[in-house]
Amino acid sequence: MTREDYIKNAAEQFETLLREQLARTDQMLQDCGAKDYASLPVITVGLIGGDGIGPIIMDQAKRVLSVLLKDEISGGRVVLKEIDGLTIENRLALGKTVPEDVLEAIKSCDVILKGPTTTPKGGTMESANVTLRRELDLYANVRPVSVPEEGIDWMFYRENTEGEYVLGSRGIEVPGCLSIDFKVTTEPGTRRIARAAFEYAKQNGKTSVSIVTKANIMKKTDGNFTRICHEVAADYPGIHTEDWYIDIMTANLVNPAIRNQFQVFVLPNLYGDIITDEAAEIQGGVGTAGSANIGDRYAMFEAIHGSAPRMVEEGLADYANPSSIFKAAEMLLRHIGLIEKADRLASALTLCGETEKKVVVTGTRDGATCQEFADYVIEKL
Ligand code: IPM
Ligand code: MG
């Protein structure tokens, strides 16, 4: 192809992308209201094992849920439904990030608890997480991090369907010359994540929200993200709103002198991805942090970490820490309105993972196994 061919193709591709994204904003404007779980006669919880250490930690999460929800399950209010087929082997064999039957099974559930899934490096296969977040329109990635002894109680509201992710597999390349990826910020997409963050702040007695971007450089996308967040903030006069750039905020989080002043963060997708791993590490490691992907019709809860192929290769999969997926299960219970169950799990996790610590998972053979830790948590429920 000549240079002119590349330019022509790229211009056509850009037009397609622009039209698609405009259609997506139209769709968002038509969406109506969030599902009211309390009024559902039956809540179906989908369980997806995933790859690598996923099935191992998910087996234990299922045990925990089965114990906690014994009455709800026997009474028919809650159904736990196992969903197979979201494995890297099956996905590669079918050439589908999320095979259609799996997506259908997922959509038949109200909420999902999912083990980590592997994304092949290179190639064109998108991450299953990214596909699911898009297909289920899970626009808020909600990640709590706390370090009680330091007074740290952070809640991250990461935009989960736009930014660098939405067209991340559809960039333009002129081989040997250049590559261009796209970052997308939409008006309704930003408004809804900002609304979610400020509502959380209001309902949980938080007094401060930090908007984190790089609006000095990404003038259009982050510039508009900041503006829209401030517009939403105007509806919450009791809440102090600050703008920060992602670089200095990354530094702030490792500054013990000031970090416990931050409460709620609202930020675009990629910055949110990166800074929540940093925050999880401050809490005690990515193995300890839960993650919720919330949309109006579906919600998916998962560990913040990946499938840990290295642990599997080294024969350490049974020593994986299930705390992160247990935290995700706790968030799931809270989301569907089973607050007392969520509180019970939260107390057991604090006791087992932070205060009593009689059984400790280290990720190596020196520590407890995933199952031993789960036994300990179940005993304390
Ligand atoms: C996360 C993960 C995902 C992301 C990957 C697996 C696509 O890092 O949930 O933070 O980048 O969002
Ligand atoms: Mg991440």
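You'll find the structure just up there.
All figures in this text were calculated on a predicted structure; none of them were measured in a lab.

## Remarks on helix 10 (residues 269-283)
Taking 1.5 Å of rise per residue, 15 residues should cover 21 Å, and helix 10 covers 21 Å from first to last C-alpha, within 8% of that figure. Of all the residues in helix 10, the buried ones are N269, Y271, G272, I275, T276, E278, A279, A280 and Q283. One or two steps after helix 10, the chain reaches G284, where phi turns positive at roughly 140°.

## Some remarks on the layout of surface pockets
By volume, the largest pocket amounts to about 1,300 Å³. Contributing to the lining of the largest pocket are 48 residues, with V142, M155, Y157, Y200 and M331 lying nearest its centre. Looking at the lining of the largest pocket, the elements with two or more residues in it are helix 1 (3-30), strand 4 (140-147), strand 5 (152-159), helix 7 (187-203), strand 11 (290-294), helix 12 (323-335) and helix 13 (339-355). It is helix 7 that contributes the most residues to the lining of the largest pocket, seven residues altogether. Along the lines of polarity and charge, the residues of the lining of the largest pocket split into 25 nonpolar, 11 polar and 12 charged.

## A look at the packing of helix 2 (residues 54-68) against helix 14 (residues 370-380)
For the pair helix 2 and helix 14, the least separation of the axes is 10 Å and the interaxial angle reads 15°. By the angle between their axes, helix 2 is roughly parallel relative to helix 14. The handedness of the crossing between helix 2 and helix 14 is right-handed. Along the contact surface, helix 2 presents I56, I57, Q60, R63, V64 and V67, while helix 14 presents C370, Q371, A374, D375 and I378. Here the residues of the contact of helix 2 with helix 14 sort into seven nonpolar, two polar and two charged.

## Here's the deal with the packing of aromatic side chains
Tallied over the full model, the rule gives 10 aromatic pairs. On the numbers, 5.6 Å between centres and 40° between planes, the contact of Y157 with Y200 is tilted. With Y157 in strand 5 and Y200 in helix 7, this residue pair connects regions lying 43 residues apart in the sequence. With respect to class, Y157 is no different from Y200; both count as buried. Relative to Y376, the ring of F373 has its centre 6.2 Å away and its plane inclined at 75°; by these criteria the two rings are edge-to-face. Of this pair, F373 and Y376 both sit in helix 14, separated by three residues, roughly a single helical turn. Since its relative accessible area comes to 4%, F373 is described here as buried. Judged by its relative accessible area of 5%, Y376 is buried.

## Quick look at the pattern of salt bridges
Think of it this way: side chains of opposite charge can pair up when their charged atoms draw near. Tallied over the entire structure, the rule returns 30 salt bridges. Note that R170 is salt-bridged to E20, the shortest N-O span being 2.7 Å. Here R170, found in the loop between strand 5 and strand 6 (172-174), pairs with E20, found in helix 1; they are 150 residues apart in sequence, far enough to count as distant. By relative accessible area, R170 is classed as partly exposed at 33%. The exposure class of E20 is partly exposed, given its relative accessible area of 33%. Taking the shortest distance from any N to any O, the salt bridge between D222 and K183 comes out at 2.9 Å. Highlighted residues: D222 in helix 8 (residues 221-233) and K183 in the loop between strand 7 (178-180) and helix 7, separated in sequence by 39 residues. Grouping residues by exposure puts D222 and K183 together as buried. Connected via shared salt-bridge partners are E187, R191, R227 and E231.

Reading guide: rules and limits
- Residues numbered from 1 in each chain as written.
- Chains lettered and ligands numbered in written order.
- Predicted model: local features only at pLDDT ≥ 70, side-chain atom pairs only at ≥ 80, totals over all residues.
- Heavy atoms only, no water.
- Helix = DSSP H or I, 4+ residues; strand = E, 2+ residues; numbered from the N terminus.
- Expected span 1.5 Å × (residues − 1).
- Buried < 20%, exposed > 50% of the residue type's maximum accessible area, 1.4 Å probe, protein only.
- 1 Å grid on protein atoms, 1.4 Å probe; cavity = no way out; pocket = protein on both sides within 12 Å on 5 of 7 lines; lining within 4 Å.
- Points joined across faces, edges and corners; volume = space filled by probe spheres on them.
- Nonpolar A, V, L, I, M, F, W, Y, C, P; charged D, E, K, R; others polar.
- Axes fitted to C-alpha atoms, helices over the stretch in contact; angles between N-to-C directions.
- Parallel < 35°, antiparallel > 145°, perpendicular 65-115°, else oblique.
- Left-handed = near helix turned anticlockwise from the far one by under 90°.
- Contact = heavy atoms within 4.5 Å.
- Phe/Tyr/Trp six-rings, centres within 6.5 Å; stacked < 30°, edge-to-face > 60°.
- Salt bridge = Lys/Arg side-chain N within 4 Å of Asp/Glu carboxyl O.

Spatial relationships are all this shows, so hold off on functional conclusions.
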